[in-house]
Amino acid sequence: MIRVNVLLLVAVVLSALYLVHIQYESRRLFVELEKAALQMRKLEMDSESALAEKRAQATPMRVDKLAKEKLQMQPATPAITQYVALRDAAAVPAPAKP
Amino acid sequence: MSRSVRYSSSPLLASKTPVWRSKFIVAAIALGFAVLAARAAHVQIFGNAFFQRQGEVRFVRTLELPASRGRIMDRNGLILASNIPAASIWAIPEDVNATPAQLKELAQLLEIPLTELSSKLGNEDKSFVWLKRQVEEPVAKRITELGLKGIHQDSGFKRQYPDGEATAHVIGFTNIENTGLDGMELTFEKHLLGRSGSRRVIKDGKGRVVEDIRDKVPPVDGKDLQLSLDSKVQFFAYQKLRETVTAQKAKGGSVVVLDAVTGEVLALANYPSYMPDKRKNLTGEQLRNRAVTDTFEPGSTMKPITVAMALEAGRVTPQTLIDTGPGRYAIGGFNITDTHNYGTLTVEGVIQKSSNVGALKIAQKMSPHEMWDTFTALGYGQKPQIQFRGAVTGRVRPWKTWRPVEQATMSYGYGLSASLFQMAHSYTAFAHDGRIIPLTMLKSTEPAVGVKVFSPENAQAVRRMLQMAAAPGGTGQLAQTVGYSVGGKSGTAHKQVGKGYASDKYRAWFTGMAPIDTPRIIVAVMIDEPSNGQYFGGVVAAPVFSEVVQQTLRLMNVQPDVTVKPQIVANPVEESL
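I will try to describe carefully the structure that is included in this document.

What counts and what doesn't
Residues numbered from 1 in each chain as written. Chains lettered and ligands numbered in written order. Predicted model: local features only at pLDDT ≥ 70, side-chain atom pairs only at ≥ 80, totals over all residues. Heavy atoms only, no water. Helix = DSSP H or I, 4+ residues; strand = E, 2+ residues; numbered from the N terminus. Buried < 20%, exposed > 50% of the residue type's maximum accessible area, 1.4 Å probe, protein only. Contact = heavy atoms within 4.5 Å. Pairing = 2+ DSSP bridges. Axes fitted to C-alpha atoms, helices over the stretch in contact; angles between N-to-C directions. Parallel < 35°, antiparallel > 145°, perpendicular 65-115°, else oblique. Left-handed = near helix turned anticlockwise from the far one by under 90°. Patch = residues over 30% accessible without salt bridge, like charges linked within 9 Å, V, L, I, M, F, W, Y side chains within 5 Å. Areas by Shrake-Rupley, 256 points an atom, 1.4 Å probe, with all protein chains shown as cover. Salt bridge = Lys/Arg side-chain N within 4 Å of Asp/Glu carboxyl O. Lys, Arg positive; Asp, Glu negative; His and termini not counted. Charge placed at Lys NZ, Arg CZ, Asp CG, Glu CD. Phe/Tyr/Trp six-rings, centres within 6.5 Å; stacked < 30°, edge-to-face > 60°.

**Observations regarding the overall build of chain B**
Next, step 1: Summing up its helical and strand segments, chain B has 22 helices and 23 strands in all.
Next, step 2: Considering only C-alpha atoms, chain B reaches an extent of 155 × 55 × 55 Å along its principal axes.
Next, step 3: By residue count, 50% of the 577 residues in chain B fall in the buried class.
Next, step 4: Contacts in chain B between residues far apart in sequence, at least 24 positions, make up 71% of those at least 6 positions apart.

What follows is the structure, encoded as structure tokens:
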């Protein structure tokens, strides 16, 4: 009888220690998960700001200025545009009626 | 001298222990256990709620999970407004013990005067003070690197508007709490806002989250918004407007570009404008979305409408002859005049030459009621159904109160008022084969379904007249473009000051469409108080119309409908346009 009791006591103590360990482990993993989630959020934010930055560098205002000043370009007009008709007319969007 | 004790023979041990003592000890221990049991019962059963609460107060926290505000995009998916991370810097004044050099550096980073920073930090009665909100991330990082005690940061977002002043009046802006205050940011606040989520967590002694104690409520991010605006068209319109307002030394101006098929607003620009993220010292002149908030008498822009209603009622045909001689007409004690004596003109000629006398004679064939009905059907005196707060109604008085002279002046656009936006809207009736279409700021791919005001034949007849008015011999020939046929009507009016008209202040505008046979766009331009010698709509506003039409149709891939003499040369730098 005593032996069974001792065995049970040992089992309880071991299980209790294991529980403590598992609790600790779960919290540790949870903290890691939190960190990863934070990292994800930060990367999302970075990507968003990178997109915004890319857009800010390519606004029509900036493109127009650089094209005119650096590349000496001019806005296209029908006078300097060669319009070509494709043979396969179905493959192109219908042009406005002349 | 020590004396040894012989315990075995101690008289105390020898004496017999009384039984009550051991019983007393047992009872005391039992009582101790009973007290413990009672306490345990109190803590775990009766007072459980209280202790649970106290525990939570110490370790459980509710964290807010902020939802990000939706982005605003143009019709091609280009971002017009988005969120970028921005920190808010705050301090606990009594904790701050920075050296003067450090404070100077901090003030420089925050872009505030050192004296202001010192006065904020000098107030030690306060336990919290904002130093600057919405600081961009690189700056916030450098502030962290300074490692100053008592200076803290909260992370957050701020709105960024890449197109800046070109789209300011349409997009609007948000306040520091990211709540929309103007433009689309205000109108679509609910759509963009989203709903923040929350989670209940346990934090450990170091403030780290160690456990969720409830399922978290995830944040619902605001939805993105796709506008009908085309950021390239918007930019060109704004750029041309700015150049013209500056060159003409005008007070301001507006441009509206509409898609004549779908009813989408492709561009809406005003000048002067402002940078939405730098809003210090702004004036109403800069903030006002003139195109929808400023009303004025539409002037000659109304003549095509007068003619269209007379055509619709069958009172005239395009070739009906109208005697406008001798260039003036007396009615109700007023003298209505033309700039020249045009003699007898056809109805088409009345529009082409912009004859006031001709217009009033056509109007006299109509009843006030008929005119009022058409004005109302075209949106005059009605609140525009558009997603702008503060879009004004303009004014058309009830027809029963019109005197004959008022009916006459209304035929050429005086005695009623409208915004530039309303004028552009009313012209959709001509562009859309007689049907006025609803306008929208949101992208739509379906052709709009309009309400019939004129028959398709009459709308086409008016379009031909508009084409004549913008052709050589008309008042708006500077509206001509290379490769595209255009039609439109210029307008010029003395500005109203108090109860009368100012003799030296004008407003000039031009409203038209292109290509004229199957209109794709409607463009309306208004220049307020041009004061560089020129003030006629056909001279001041028509060139802006021309440039905007040219660029917009090219960007929309519309094929030219007018044969152009090619000017293609080998060296593009030496081209002349």
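**Description of the side chain of Ser411(B)**
Next, step 1: You can see Ser411(B) is positioned in helix 17 (residues 404-411).
Next, step 2: Not counting residues up to four positions away in its chain, the partners in contact with Ser411(B) are Met302(B), Lys303(B), Thr306(B), Ala359(B), Leu360(B), Ala363(B) and Met371(B).

**Considering the sheet that holds strand 23 (residues 521-528) of chain B**
All names here are of chain B.
Next, step 1: Judged by pairing direction, the sheet is antiparallel, and its 5 strands sit side by side in the order 12-11-23-22-21 without closing on themselves. Strand pairing shows two members of the sheet lacking a second neighbour, strand 12 (265-271) and strand 21 (487-497), which therefore form its edges. If you compare each strand with its neighbour and ignore which way they point, the axes differ by 10° on average.
Next, step 2: Direction of pairing for strand 11 (residues 252-259) relative to strand 23: antiparallel, over a ladder of 8 bridges. Bridge assignment links Gly 253 to a residue of strand 23, and that residue is Ile 527.
Next, step 3: On top of the sheet, helix 20 (residues 456-469) reaches strand 21 and strand 22 (500-514); it is set at about 75° to strand 21, its chief contact.

**A look at the packing of helix 4 (residues 100-110) of chain B against helix 5 (residues 114-122) of chain B**
Residue and element names in this part refer to chain B.
Next, step 1: Two elements in contact, helix 4 and helix 5, have axes whose closest approach is 9 Å; the angle formed by their N-to-C orientations is 110°. Between helix 4 and helix 5, the angle falls in the class roughly perpendicular. In terms of crossing hand, the pair formed by helix 4 and helix 5 is right-handed. Only Leu 114, Leu 117 and Leu 121 of helix 5 make contact with helix 4, whose side of the interface consists of Leu 103, Lys 104, Leu 106, Ala 107 and Leu 110.

**Brief notes about a negative patch on the surface**
Next, step 1: Residues Glu94(B), Asp95(B), Glu124(B) and Asp125(B) make up a contiguous surface patch of negative charge.
Next, step 2: Judged by its relative accessible area of 31%, Asp95(B) falls in the partly exposed class.

**Here we look at the packing of aromatic side chains**
All names here are of chain B.
Next, step 1: Scanning the model with the defined rule gives 16 aromatic pairs over all chains in all.
Next, step 2: When the centroid spacing of 6.0 Å and the interplanar angle of 85° are considered together, the rings of Phe 173 and Tyr 274 count as edge-to-face. Of this pair, Phe 173 sits in the loop between helix 7 (168-171) and helix 8 (183-187) while Tyr 274 sits in the loop between strand 12 and helix 11 (284-287), placing them 101 residues apart in sequence.
Next, step 3: Judged by its relative accessible area of 2%, Tyr 274 falls in the buried class.
Next, step 4: Taking the centre distance of 6.0 Å and the plane angle of 55° together, the rings of Tyr 238 and Tyr 271 count as tilted.

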